[in-house]
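A look at the structure
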Amino acid sequence: VAKVFETGKIDGVIVGLGGKTSDVGDTMLTDGTVVVMNEMKKKDVKRIAVITSIGAGDSKDQAPFFFKILMATAMKKIFNDKNNQEEAVKKSGLEYCIVRPGGLTVDAPTGIVNVIDGQAGSIPRADVAEFCLDAITMDDFPYIGKTPCISSVGGTGWTKDRSKAARGEMQ
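Residues numbered from 1 in each chain as written. Predicted model: local features only at pLDDT ≥ 70, side-chain atom pairs only at ≥ 80, totals over all residues. Heavy atoms only, no water.

Any aromatic ring pair is given by two values, namely how distant the centres are and how the planes are angled relative to each other. Applying the stated criterion across every chain, the model contains three aromatic pairs. Relative to tyrosine 143, the ring of phenylalanine 141 lies with its centre 5.8 Å away and its plane at 70°, an arrangement referred to as edge-to-face. On the basis of relative accessible area, phenylalanine 141 is assigned to the buried category, the value being 5%. An aromatic cluster is defined as three or more aromatic residues linked by ring pairs; in this entry it consists of Phe131, Phe141 and Tyr143. Sitting above the plane of the phenylalanine 79 ring, lysine 82 keeps its charged end 6.0 Å from the centroid. (Phe/Tyr/Trp six-rings, centres within 6.5 Å; stacked < 30°, edge-to-face > 60°. Buried < 20%, exposed > 50% of the residue type's maximum accessible area, 1.4 Å probe, protein only. Lys NZ or Arg CZ within 6 Å of the ring centre and 35° of its normal.)

The following block contains the structure:
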């Protein structure tokens, strides 16, 4: 990780770690994210977007019923790690956005990203990536310090608007 930070100026970091705990261990998400955040601090990189999952942290009620069953059984260890990862990010002192996507698909990007208040649907991975890129590149990104649940189906719409009017500036 340190070598990556030595390659030049870094504006922000997107963390999208994953894997089965049987393959990567019970704390890889938390441990890996802490390593990245420590390097960020050494290089004065302030902005981070971390992809976790619908159902992590305080979003348990936003997960579909059958996913909740998996979270409590087969995926219990990974969700413990996701929850610890989120807590480490929140306590880091960095400008963060913890992104909790609904069901990930490999479909073509839709350009539709909804921030969900209720139960989430699915979202193409490419749309999650675009949201994360905005989180680290937009100065006035509205979800810094927040944990938005996102999907392409349902919820309240999120529209990228970089106009002066949207920023409250006179034209």
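Locating threonine 105 in the fold gives a position in strand β4 (residues 103–105). For threonine 105, a relative accessible area of 17% translates into the label buried. In this structure the side chain of threonine 105 is engaged in a polar contact, spanning 3.4 Å, whose partner is the backbone nitrogen of aspartate 107. Beyond its immediate stretch of four places on either side in the chain, threonine 105 contacts Ser122, Ile123, Pro124 and Arg125. (Helix = DSSP H or I, 4+ residues; strand = E, 2+ residues; numbered from the N terminus. Polar contact = N/O pair within 3.5 Å; in protein donor to acceptor, adjacent residues only side chain to side chain. Contact = heavy atoms within 4.5 Å.)

Positive phi outside glycine occurs at aspartate 44, with the angle close to 60°. Residue classification places aspartate 44 among the exposed positions, given a relative accessible area of 52%.

Such coordinate-based values are descriptive only and should not be taken to indicate function.
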